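Secondary and tertiary structure notes
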2 protein chains.
Amino acid sequence: MAGFKYDIKEHIGNISESPKGWTKELNLISWNNREPKYDLRDWAPEHEKMGKGVTFTKEELKELRDILNEIDL
Amino acid sequence: MAGFKYDIKEHIGNISESPKGWTKELNLISWNNREPKYDLRDWAPEHEKMGKGVTFTKEELKELRDILNEIDL
């Protein structure tokens, strides 16, 4: 994971944990010292590795919340 | 994007659209003919390219919804 820096500003919540200890998490992360963004991805135990993820602005996360509240889960 | 097949079973919602026309979407997608999973990712116009994404089971999506409803957005 060379070439970029990240700083987990806030751990917001854990969505699930796999049998191998990877966790799917929502965090607020600053990438390369930029303004923090909301970030959904899988993490290895102790955060030593990360999976692919998606970042969100606050507006996008609100829209996602509204969509999730509208559908039948 | 060779090597795997995907089939968008249900387009659930658009979260945002970039100036270049990429959309951040929540879909229900079957990968390689497996059972469909919920999928959050960016897509190019007409879905001809996809960005990195995160997949969710229904239980994970419920948990994410609950987290989003608890935080102050």
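Residues numbered from 1 in each chain as written. Chains lettered and ligands numbered in written order. Predicted model: local features only at pLDDT ≥ 70, side-chain atom pairs only at ≥ 80, totals over all residues. Heavy atoms only, no water.

**Concerning the sheet that holds strand S4 (residues 50-56) of chain A**
Pairing between the strands of a sheet is mediated by backbone hydrogen bonds and can be parallel or antiparallel. Counted only if it meets this: Strand pairing requires that DSSP identify at least two bridges connecting the strands. Secondary structure elements follow DSSP: runs of H or I no shorter than four residues count as helices, runs of E no shorter than two count as strands, and numbering proceeds from the N terminus. Every axis in this analysis is a line fitted to C-alpha atoms, fitted for helices over the stretch in contact. Angles between the N-to-C directions lie between 0 and 180 degrees. Note on contacts: a residue pair qualifies if any of its non-hydrogen atoms lie within 4.5 Å across the two residues.
Pairing within the open sheet is antiparallel, and its 4 strands lie in the order S1-S2-S3-S4 (chain A). At either end of the open sheet lies a strand with only one pairing partner, and these are strand S1 (6-17) and S4 of chain A. Adjacent strand axes in the sheet meet at a mean angle of 25 degrees when their direction is disregarded. Relative to strand S3 (residues 37-43) of chain A, strand S2 (residues 23-31) of chain A is paired through 7 bridges, and the arrangement is antiparallel. Bridge pairing in S3 of chain A links Glu 25 of chain A to Arg 41 of chain A. Along the sheet, helix H1 (residues 58-70) of chain A contacts S2, S3 and S4 of chain A; its crossing angle with S4 of chain A, the most-contacted strand, is approximately 95 degrees. Running over the sheet, helix H1 (residues 58-70) of chain B touches S1, S2 and S3 of chain A and is turned about 130 degrees from S1 of chain A.

**Observations regarding the UniProt feature "domain: Transcriptional coactivator p15 (PC4) C-terminal" (unreviewed entry) in chain A**
This is how the line gets drawn: UniProt positions are given in the numbering used here, feature names are shortened, and annotations may be inferred rather than shown by experiment.
Look at the UniProt record and you will see "domain: Transcriptional coactivator p15 (PC4) C-terminal" (unreviewed entry) annotated at residues 19-67 of chain A. In residues 19-67 of chain A, helix accounts for 20% and strand for 47%; the two terminal C-alpha atoms are 29 Å from one another.

**Overview of the pattern of salt bridges**
Residues and elements named next belong to chain B. Here is the rule: The working definition used for a salt bridge is a side-chain nitrogen of Lys or Arg within 4 Å of a carboxyl oxygen of Asp or Glu. Think of it in three bands: with a 1.4 Å probe and only protein chains considered, a residue is buried below 20% of the maximum accessible area for its type, exposed above 50%, and partly exposed in between.
According to the stated counting rule, one finds 10 salt bridges over all chains in the structure shown. Here Lys 62 ties to Glu 59 by a salt bridge, and the two come within 3.5 Å at their closest N and O atoms. With a gap of 3 residues between them, Lys 62 and Glu 59 both fall in helix H1, about one helical turn apart. The class of Glu 59 is exposed, set by a relative accessible area of 52%.

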